[in-house]
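Residues per chain, in single letters:
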Amino acid sequence: MKDLNVLIINDLCSYGKASLTVNIPVLSAFGIKVSPLISVLLSNHTAFNSFCAFDLTKELEAIIKELKLRKPKFDAFYIGWLSAGKQPEIVADIIKDFNFPIVLLDPILGDNGKLYPSMSDEHVKSMKGLLKYSTIATPNITELAVLLDKNPSEKYNEKEIEEMAKTLSEMGPKTVIVTSVEKENKLGCLCYNENKIITKYYDKINISMPGTGDAFGSSLLGYILKGETIENALNKATKFIYSSVKASFEEIKSEEERIYGIAIEKRLNLL
């Protein structure tokens, strides 16, 4: 089997497990080469009380210019955190310049019923624009609502989420996987793919750990690139996240330790 290579754009945290410090080890565990583009450099992830961040848009443009000279071939493009402003436009240009078989868009905009403080209406519009280039989109329920101009704080039932996922798919991505879907004290994902609905739920664990979304997206993409169907990849990636969070819940008791993020290196054996 040929070597697989993924281009990924996301932020990098110097402290705390999230984004690229989760994406890279998970994809590497599949034997996949990772070429990272850093959108924003952070002192630590945003779950801590304070942080500093450095927008690398200017540097990103110079790096991509050099990358094009190498004429690399990529099997997928993973799009994570983008800063507001020019970065969504840069990402659209990357997609046009490279022939990616798979473009996975994690439209990071908000959670728990509201947008993140740094997100503007213009940035939401930009993320909507990237949907038409994606083959897979993985919004959480808050982001799904925002992208469809619906109230993100409203509670939606499973049938409503199915219809919303279908509507989002009509905007571009053939596959829409909605994360953080709750049903009868269970938590999981709902997938719309080629007029088929796939769901996977596990008992809800009352713990919040940074990095789980990044681990889910990376493992999902890893399974797909290794030849799994969307349904099998979803089932395996969801099981991996549930097992990882459950192990962390049992092992890490203090909130101070949990806020650091998922100890992903210790969970790679669960893939």
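The structure we're discussing is the one just above.
Read on for an overview of the structure. Everything numeric in this text was worked out from a predicted model, so none of it was measured.

Some points on the side chain of aspartate 214
Within the element layout of this structure, aspartate 214 appears in helix H7 (residues 212–225). With no salt bridge to any partner, buried aspartate 214 finds its closest opposite charge in lysine 17, at an N-O distance of 11 Å. Residue contacts for aspartate 214: discarding those within four places in its chain leaves Asn10, Ala18, Ser19, Val22, Asn23 and Tyr78.

Observations concerning the pattern of salt bridges
Applying the stated criterion to the full structure yields 16 salt bridges. A salt bridge links arginine 70 to glutamate 66; the shortest N-O distance between them is 3.1 Å. Of this pair, arginine 70 and glutamate 66 both sit in helix H2 (residues 57–70), 4 residues apart, which is roughly one turn of the helix. Overall, arginine 70 belongs to the exposed group, its relative accessible area being 53%. In this structure, lysine 174 engages glutamate 194 in a salt bridge whose closest nitrogen and oxygen atoms are separated by 3.1 Å. With a gap of 20 residues between them, lysine 174 in the loop between helix H6 (158–169) and strand S9 (175–183) and glutamate 194 in the loop between strand S10 (186–193) and strand S11 (196–203) connect regions that are remote in the sequence.

Quick look at the sheet that holds strand S8 (residues 136–137)
Across the sheet, which stays open at both edges, the 9 strands sit in the order S3-S2-S1-S4-S5-S8-S9-S10-S11 with mixed pairing between neighbours. At either margin of the open sheet sits one strand with a lone partner, and together these are strand S3 (53–55) and S11. Note that S9 and S10 share 7 bridges and pair antiparallel. Pairing of threonine 175 across the sheet is with asparagine 193, part of S10. Along the sheet face, helix H1 (residues 20–29) touches strand S1 (5–13), strand S2 (33–42) and strand S4 (76–79) and points at about 150° away from the line of S1.

Parameters and conventions
Residues numbered from 1 in each chain as written. Predicted model: local features only at pLDDT ≥ 70, side-chain atom pairs only at ≥ 80, totals over all residues. Heavy atoms only, no water. Helix = DSSP H or I, 4+ residues; strand = E, 2+ residues; numbered from the N terminus. Buried < 20%, exposed > 50% of the residue type's maximum accessible area, 1.4 Å probe, protein only. Lys, Arg positive; Asp, Glu negative; His and termini not counted. Salt bridge = Lys/Arg side-chain N within 4 Å of Asp/Glu carboxyl O. Contact = heavy atoms within 4.5 Å. Pairing = 2+ DSSP bridges. Axes fitted to C-alpha atoms, helices over the stretch in contact; angles between N-to-C directions.

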